[in-house]
Amino acid sequence: MSVFSSPSFDEHEDVAFHYDGETGLKAIISLHSTVMGPALGGCRMWAYDDDAAALTDVLRLSRGMTFKNALADLPWGGGKSVIIGNAKTDKTPAMMREMGRFVDSFGGRYIVAEDVGTTPEDMAEIAKTTRNVRGVKSVGFDPSPGTAYGVFKGLEAAVGEALGASDLKGVRVAVQGLGHVGYDLARRLHAAGAVLTVTDIDAAALARAERELGATVVGLDAIYDADVDVYAPCALGATLNDDTIPRLKASIVAGAANNQLAETRHGDRLADRGILYAPDYVLNAGGVIHIYHEGPDFDRDATFAHIGRIGGTMRDIFRRAKDDGIPPHIAADRLAKDKLAAAKAGQRKA
Ligand code: NAD
């Protein structure tokens, strides 16, 4: 396994491996870029098939965080960490504290937060051995309402772009997944006059949406065929794929779920079908923006004002896509790269 010849290696600044025999910790931290500031990104714990798969994941995810944080107007670069192991059976508090020591060895250049396989409780354990951690249980913040607000603002921008509508009255939206983010988004959409079609595996959430939001409930698979203007994936990743894209009746995809495109080429397929895609990592950045603002001086209004700027960023992306004749998922990456290049040039001058 080689780092530098990995297809996912893209001028990452630092990639470090750590093994601790006592706790069994096997971890990798990848700092893709610290041009904008310390690299912030979650710690994923996953039973990878092999070390190469873990490396590929951490390289890919840390690069994504650079772009996400840059477009969210955060003074943070992009990083990520992975722990190789089964989060249900292998994890111990001692392992998390050792992970904290590993994080701390970067001297503040890497800031860790939760991700798939780790929890706010784990972050509290990590906080015992490093200060460079966010999203700690005792702080008591839930970023989901912030995420939902950002998705709402970005969805509004997409509706303006694709349908020329200045508000959401009568706009038909299919929400897939009524969890922490999806339900809050549905509530906001309903309040703005949108008409909802929803699905979930949780019958109680569906009954509540029917009762409180007048939503029409459809089956798990039927959501892709719903006769709507917007498809809002808020449950699983990779729902935009060869099977689903030809079925969509929506002219917009805008939702909270991470990694919605099964493969990058599916962004092109959406564009071929004339479906406007609001890139997921831009739309769902409300959570990370919320995490940035958390702390004893938390100011909810300032935080939500910052998150609200996702609407403007989304409009910039759609404009860039039009100007360059490219799909929005490529335009978003280009905008982020331009921001990084400008910051780098500024640093060279200083
Ligand atoms: P959640 O677990 O609270 O909600 C997910 C919902 O999807 C649940 O209600 C679940 O029952 C439902 N679901 C599961 N399988 C389904 C299926 N096959 N079809 C339809 N519904 C299904 O998660 P969340 O925090 O609301 O996050 C939703 C998505 O947004 C995830 O992809 C997450 O990675 C992403 N995201 C969340 C945040 C945040 O702040 N919570 C931030 C950024 C991205």
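Note that the coordinates shown come from a computational prediction; the quantities given were computed from them, not determined experimentally.

*Asks:* Give me the site of the ligand: which residues, what numbers.
*Replies:* Around the ligand, a shell composed of 19 residues is seen, among which Thr147, His180, Val181, Asp200 and Asn258 lie nearest. The contact in question runs from an oxygen atom of the ligand to an N or O atom on the side chain of Asp200, over 2.6 Å. Relative to its unbound accessible surface of 820 Å², the ligand loses 72% to contact with the protein. For the shell around the ligand, the secondary-structure elements that each account for two or more residues are helix H4 (144-163) and helix H5 (180-191).

*Asks:* Tell me about the sheet that holds strand E7 (residues 195-199), and name the residues and values.
*Replies:* Either a parallel or an antiparallel arrangement is found when strands of a sheet pair, and the pairing is made through backbone hydrogen bonds. If you trace the six strands from one edge of the open sheet to the other, you get E8-E7-E6-E9-E10-E11, paired in parallel fashion. Strand pairing shows two members of the sheet lacking a second neighbour, strand E8 (216-217) and strand E11 (276-277), which therefore form its edges. With four bridges joining them, strand E6 (residues 172-176) and strand E9 (residues 230-233) adopt parallel strand pairing. The partner of Gln176 across the bridge, within E9, is Pro233.

*Asks:* Give a description of the sheet that holds strand E3 (residues 39-46) that names residues and reports values.
*Replies:* The strand order across the open sheet formed by five strands is E1-E2-E4-E3-E5, and the pairing between neighbours is mixed. Across the chains shown, the open sheet's two edge strands, defined by having one partner strand only, are strand E1 (14-20) and strand E5 (110-114). This sheet shows a mean twist of 25 degrees between the axes of neighbouring strands, independent of strand direction. Note: E3 against E5, five bridges, orientation parallel. Across the sheet, residue Gly42 finds its bridge partner in E5, namely Ala113. Each of E1, strand E2 (25-33), E3 and strand E4 (77-84) touches helix H1 (residues 51-71); the most contacted strand, E4, lies at about 155 degrees to it.

*Asks:* Go over the environment of Cys234 with me, naming the residues and quoting the values.
*Replies:* Structurally, the position occupied by Cys234 is in the loop between E9 and strand E10 (252-253). Taking the relative accessible area as the measure of exposure, Cys234 reaches 12% and is therefore buried. Setting aside residues no more than four positions away along its own chain, Cys234 makes contact with Val175, Gln176, Gly177, Gly182, Leu185, Gly255, Ala256 and Ala257.

*Asks:* Run through the pattern of salt bridges, naming residues and quoting values.
*Replies:* A side chain of one charge can pair with a side chain of the opposite charge when the charged atoms of the two come close. In total, this model carries 30 salt bridges according to the counting rule given. A salt bridge links Asp316 to Arg319, with the shortest nitrogen-to-oxygen separation between them at 3.2 Å. With Asp316 and Arg319 both in helix H11 (residues 310-324) and three residues apart, this pair spans about one turn of that helix. In this structure, a network of salt bridges that share partners links the residues Arg44, Asp57, Arg60, Lys80 and Asp115.

*Asks:* If you had to explain helix H12 (residues 328-349) to someone new, which residues and values would you point to?
*Replies:* With 22 residues, H12 should cover 32 Å at 1.5 Å per step; its first-to-last C-alpha distance of 31 Å lies within 8% of that length. Every buried residue belonging to H12 is among Pro328, His329, Ala331, Ala332, Ala336 and Leu340, and all of these are buried. Where H12 is buried, its residues meet E2, H1, helix H7 (265-272), E11, helix H8 (280-283) and H11.

*Asks:* Please give an account of the nonpolar core that cites residues and values.
*Replies:* Judged by nonpolar contacts, the single largest core of 48 residues is most densely connected at Val173, Val175, Leu178, Leu189 and Leu196. Leaving out residues up to four positions away in the same chain, Val175 has contacts with Gly182, Leu189, Leu196, Thr197, Val198, Thr199, Ile223, Ala232 and Cys234. Ranked by size, the runner-up nonpolar core spans 20 residues in total, among them Ala27, Met99, Phe106 and Val133.

*Asks:* Quick rundown of the packing of H4 against H11? Include the residues and the values.
*Replies:* H11 packs onto H4 with a crossing angle of 35 degrees between their chain directions and a minimal axis gap of 8 Å. Here H4 and H11 pass one another in a crossing that is right-handed. Note on element contacts: H11 touches H4 through Ile310, Gly311, Met314, Arg315, Phe318 and Lys322, opposite Gly150, Lys153, Gly154, Ala157, Ala158 and Glu161. When grouped by side-chain class, the residues that make up the contact of H4 with H11 number five nonpolar, three polar and four charged.

Rules used throughout
Residues numbered from 1 in each chain as written. Predicted model: local features only at pLDDT ≥ 70, side-chain atom pairs only at ≥ 80, totals over all residues. Heavy atoms only, no water. Near = heavy atom within 4 Å. Polar contact = N/O pair within 3.5 Å; in protein donor to acceptor, adjacent residues only side chain to side chain. Areas by Shrake-Rupley, 256 points an atom, 1.4 Å probe, with all protein chains shown as cover. Helix = DSSP H or I, 4+ residues; strand = E, 2+ residues; numbered from the N terminus. Pairing = 2+ DSSP bridges. Axes fitted to C-alpha atoms, helices over the stretch in contact; angles between N-to-C directions. Contact = heavy atoms within 4.5 Å. Buried < 20%, exposed > 50% of the residue type's maximum accessible area, 1.4 Å probe, protein only. Salt bridge = Lys/Arg side-chain N within 4 Å of Asp/Glu carboxyl O. Expected span 1.5 Å × (residues − 1). Core = buried A, V, L, I, M, F, W, Y, C linked by side-chain atoms within 4.5 Å. Left-handed = near helix turned anticlockwise from the far one by under 90°. Nonpolar A, V, L, I, M, F, W, Y, C, P; charged D, E, K, R; others polar.

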